[in-house]
There are 2 protein chains.
Amino acid sequence: MSGNCYEKKHVLITGGAGFLGSNLAHALRAQNATVTVVDNFHPDYGGNEFNFTGLMGSTGFNLEKGNVTNQKLVCELAAEVDFVFHLAAQCSHVDSMSNPLLDLDFNCRGTLAVLEAVRLSPRKPVYVYAGTRAIIGAPLQLPATESTLPNPVDIYGVNKLAAEHYGSVYARVYRVPVVSLRITNCFGPRHQMKSGKYGILNWFVSLALQGKPIKVFGTGEQLRDYLFVDDAIEAFLKAGRFGLQLKGQEVTCPKAQLAGTKNPFAVFNVGSGKGIPFVSIAQKIAEKAGSKLEQVAWPADRESIETGDFISDGTTTQAGLGWCASTSLDQGLEKTFAFYREHLKKYL
Amino acid sequence: MSGNCYEKKHVLITGGAGFLGSNLAHALRAQNATVTVVDNFHPDYGGNEFNFTGLMGSTGFNLEKGNVTNQKLVCELAAEVDFVFHLAAQCSHVDSMSNPLLDLDFNCRGTLAVLEAVRLSPRKPVYVYAGTRAIIGAPLQLPATESTLPNPVDIYGVNKLAAEHYGSVYARVYRVPVVSLRITNCFGPRHQMKSGKYGILNWFVSLALQGKPIKVFGTGEQLRDYLFVDDAIEAFLKAGRFGLQLKGQEVTCPKAQLAGTKNPFAVFNVGSGKGIPFVSIAQKIAEKAGSKLEQVAWPADRESIETGDFISDGTTTQAGLGWCASTSLDQGLEKTFAFYREHLKKYL
């Protein structure tokens, strides 16, 4: 399959006013898709109308304010689309521990509602799920593949894992084409900058641009796999295309996930494949803004859900999606700083 | 550790009026534990006051009617106990597909409520979870070990997996001692006999004793790992004792689950380790009652969530709990028939 599979197609993005969702909306509009976004603009998360600068009010873009747990609403929205990108989520590790039921509601009940809507849609849309490296949690193997035994360390990770499995069940039982992307630590423009509860690199950029000190917990030597948002969006676009291949066919999934089964379901890691010490990127960010690092002790609520080193194995993704990350860390940081030097106030 | 660890201890059993729960209540009373049962007596599941014949009204036994999703209630109950055996569940595979939100409520929200109650209890109880082979689903490896990559095929299996992971998170973050047992197809006395939605062997015994034909879907050649309830209860008792060893200690878990981590968490398979063709045990049951088998086509709602062959690997359980199944299939069936020849009407 080649060419633009989104041309004149209708796409629903849940959580589409947030970081990944709004970047995806821009990318899909650039491919001439009609885009409908549903977002609840929950004040703790990243939904922001400013993210739609250049889209709002234009033909081919619709914004619906509402919750994905509203079954009637998501059924109405999914009835008319060819693709559903399900990105709406509670995305703070720390909040998932202090309020596990809220996380359950957003990440499990919300996903079940969206999958029901996809199942019932007469258009039989492709469903792409925004998974996370938190599904793997504290990795029992490095680099982590799609077959590494999950070991989530917080309620967020457990519920995102469950939500991914809901997709595999719907693929098996109802033949819904499902692709899940396990995204590593992603950063870049259009991310909220008001809280460090999630999206730590963006938070550090926020602090640096405000001239505030950047606090690193412990030695900061843990390895992380950082991904620039443009690369993540490219993976989403390729995942939707892959979902079309799965649709209506008896295909064998990438062996990494479900050996021997023939369901229209696939999981792909989406990361850089490189392990970078956390402290080194914090140092880069501080230097760019003439700010400085402070080493402080780990707060208990963070240390207890720290995963240790994480690196994502991209072999299956390269083979299945033809995707690998192409933006260097320095390029990504440069673009991030450039965006927020101009727009920081819109995200605080 | 030897001797009776339950003597004069207080134990809470959620879902304690059902099949496994009530058998466990009898076993714990026989060990001179004080037993409190909480059960919602939902009409679709197995809660049955007749299961408490010989216990009801006696010293050392308390019955509380209520839902485990009632956070206040379970906090009050867990505040006073040394062990919590969490068995309350939605347990029908088929119902989890027709009503995923009900399954989510019982199996995820209910488990989070019980874990919160355990965490907040000043008695720091040991927590034992009734997991299931459905966590493994369609096994990617046979026999399935505790490290086999889960591949649940229905919403029930996904939510039971999530609930098991909640336990590992609470063990890691809050040092709650958690033991999860992945129980295979269990049968025996005190199981509901009114529905074939779950507990197929008991259902066949019910049909046979009523002189009704027994329907086998397809060829019935799929292998299953059958477990007599007395053996399962012995595993629960040993799991509680194992939880005491985990409690307050930095122990290394059985390597099967969490290599290299030191959390008070363990998972054990609980099965016979033997793969028996489904049709052969159906034949045995029919013969015992002079009934007969009918082969019929798979109904779509069953076939789509059929796991294929399943056999449980007991190596880790033998090493960690010193447990293996000891009742033969014939002995188990004999005891089951003997019980229901006397009491069937109480379970219809």
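Along each chain, the written sequence defines residue order, and numbers are assigned to residues from 1. Lettering of chains starts at A and numbering of ligands starts at 1, both following the order in which they are written. The model is predicted, so local features are restricted to residues of pLDDT at least 70 and side-chain atom pairs to those at 80 or more, both for listing and for counting; the totals for chains, interfaces and linings are taken over all residues.

### Describing the overall build of chain A
- Each helix and strand in chain A was counted, giving 11 helices and 13 strands.
- Throughout, radius of gyration means the C-alpha value; the globule benchmark is 2.2 Å times the number of residues raised to the power 0.38. Relative to the 2.2 N^0.38 estimate, which gives 20 Å for 348 residues, the radius of gyration of chain A is 19 Å and therefore close to what a compact globule would have.
- For the C-alpha atoms alone, the extent of chain A along its principal axes is close to 55 × 45 × 40 Å.
- Within chain A, the fraction of its 348 residues that count as buried is 57%.
- Note that contacts rest on C-beta atoms placed from the backbone: two residues are in contact if these are within 7 Å. Of the contacts made within chain A by residues no fewer than 6 positions apart, 80% connect residues no fewer than 24 positions apart. Strands here are runs of E lasting at least two residues and helices are runs of H or I lasting at least four, both read from the DSSP assignment and numbered beginning at the N terminus. With C-beta atoms placed from the backbone, a residue counts as buried when 20 or more other C-beta atoms lie within 10 Å of its own, as exposed when 12 or fewer do, and as partly exposed for counts between those limits.

### Some points on the packing of helix α6 (residues 200–209) of chain A against helix α8 (residues 278–288) of chain A
Residue and element names in this part refer to chain A.
- It is the contact of α6 with α8, at a shortest axis distance of 9 Å, that shows an interaxial angle of 25°. Considered as vectors, α6 and α8 are oriented roughly parallel to each other. Remark: the crossing between α6 and α8 carries right-handed chirality. Residues Leu-201, Phe-204, Val-205 and Ala-208 of α6 pack against Ile-281, Ala-282, Ile-285, Ala-286 and Lys-288 of α8.
- Each residue is assigned to one of three groups, with Ala, Val, Leu, Ile, Met, Phe, Trp, Tyr, Cys and Pro labelled nonpolar, Asp, Glu, Lys and Arg labelled charged, and all others, Gly among them, labelled polar. Tallied by class, the residues present in the contact of α6 with α8 amount to eight nonpolar, no polar and one charged. Angles here are taken between N-to-C directions and fall from 0 to 180 degrees, while the axes themselves are lines fitted to C-alpha atoms, restricted in helices to the stretch in contact. Angle categories are assigned with fixed cut-offs, so that under 35 degrees is roughly parallel, over 145 is roughly antiparallel, 65 to 115 is roughly perpendicular, and the rest are oblique. Crossing handedness follows the turn of the near helix against the far one: under a right angle anticlockwise gives a left-handed crossing, and clockwise gives a right-handed one.

### A look at the relation of the copies chain A and chain B
- Residues reaching a pLDDT of at least 70 in both copies supply the C-alpha atoms on which the copies are superposed by least squares. Of the transformation placing chain A onto chain B, the axial shift is 0.0 Å and the rotation is 180°, giving an RMSD of 0.0 Å. Considering both components of the superposition, the chain copies are consistent with a two-fold axis.
- When the interface residues of chain A are mapped onto chain B, 100% of them again fall at the interface, so both copies present the same face.

### Things to note about the interface of chain A and chain B
- Every contact between the two is made by 30 residues of chain A and, on the other side, 30 residues of chain B.
- Looking at the side of chain A that touches chain B, the elements with two or more residues in it are α4 (100–120) and α5 (155–174) of chain A.
- Ranked by the residues each element gives to the side of chain A that touches chain B, the list is headed by α5 of chain A, at 10 residues.
- Considering only residue class, the side of chain A that touches chain B consists of 21 nonpolar, six polar and three charged.

### A closer look at the packing of helix α2 (residues 71–78) of chain B against helix α4 (residues 100–120) of chain B
Residues and elements named next belong to chain B.
- In contact at an axis separation of 8 Å, α2 and α4 are set at 40° when each is read in the N-to-C sense. Comparing their axes, α4 and α2 come out oblique. Crossing angle aside, the handedness with which α2 passes α4 is right-handed. On α4, the residues that touch Gln-71, Val-74, Cys-75 and Ala-78 of α2 are Ala-113, Val-114, Glu-116, Ala-117, Val-118 and Leu-120.
- When grouped by side-chain class, the residues that make up the contact of α2 with α4 number eight nonpolar, one polar and one charged.

### Observations concerning helix α1 (residues 19–30) of chain B
Residues and elements named next belong to chain B.
- Here the expected length of a helix is defined as 1.5 Å per residue gap, with one fewer gap than residues. Taking 1.5 Å of rise per residue, 12 residues should cover 16 Å, and α1 covers 17 Å from first to last C-alpha, within 8% of that figure.
- With nine of 12 residues buried, α1 is to be regarded as a mostly interior element.
- Burial in α1 covers these residues: Phe-19, Leu-20, Gly-21, Ser-22, Asn-23, Leu-24, Ala-25, Leu-28 and Arg-29.
- Where α1 ends, the next residue or the one after it, Asn-32, has phi of about 70°, a positive value.

### So, unusual backbone geometry
All names here are of chain A.
- Following Leu-142, the chain continues to Pro-143 via a peptide bond in cis, the omega torsion being -10°.
- Even without being glycine, Lys-124 reaches a positive phi, approximately 50°.
- Its location among the elements puts Lys-124 in the loop between α4 and β5 (126–132).
- By the C-beta count within 10 Å, which is 15 here, Lys-124 ends up partly exposed.

### Examining the environment of Gly-21 of chain A
All names here are of chain A.
- One can find Gly-21 in helix α1 (residues 19–30).
- Sequence spacing of Gly-21 and Val-126 is 105 residues, and the spatial spacing of their C-alpha atoms is 16 Å.
- Setting aside residues no more than four positions away along its own chain, Gly-21 makes contact with Ile-13, Gly-15, Gly-16, Val-37 and Leu-87.

### Describing the pairing of strand β5 (residues 126–132) of chain B
Residues and elements named next belong to chain B.
- Where burial is concerned, most of β5 is hidden: seven out of the seven residues are buried.
- A two-sided burial pattern is seen for β5, the buried positions comprising Val-126, Val-128, Ala-130 and Thr-132 on one face and Tyr-127, Tyr-129 and Gly-131 on the other.
- Where strand β4 (residues 83–86) lies against β5, four bridges are found, and the strand directions are parallel. The partner of Val-84 across the bridge, within β5, is Tyr-127.
- Pairing between β5 and strand β6 (residues 178–183): six bridges, direction parallel. Paired with Tyr-129 across the bridge in β6 is Ser-180.
- Whether a crossover is right-handed comes down to one check: with the strands pointing away from the viewer, does the path from the first strand over the helix to the second run clockwise; if it does, it is right-handed. Each parallel crossover has a hand, and for β5 linked through helix α5 (residues 155–174) to β6 it is right-handed. Two strands qualify as a pair provided that DSSP identifies no fewer than 2 bridges between them.

In short, shape yes, function no, at least from these values alone.
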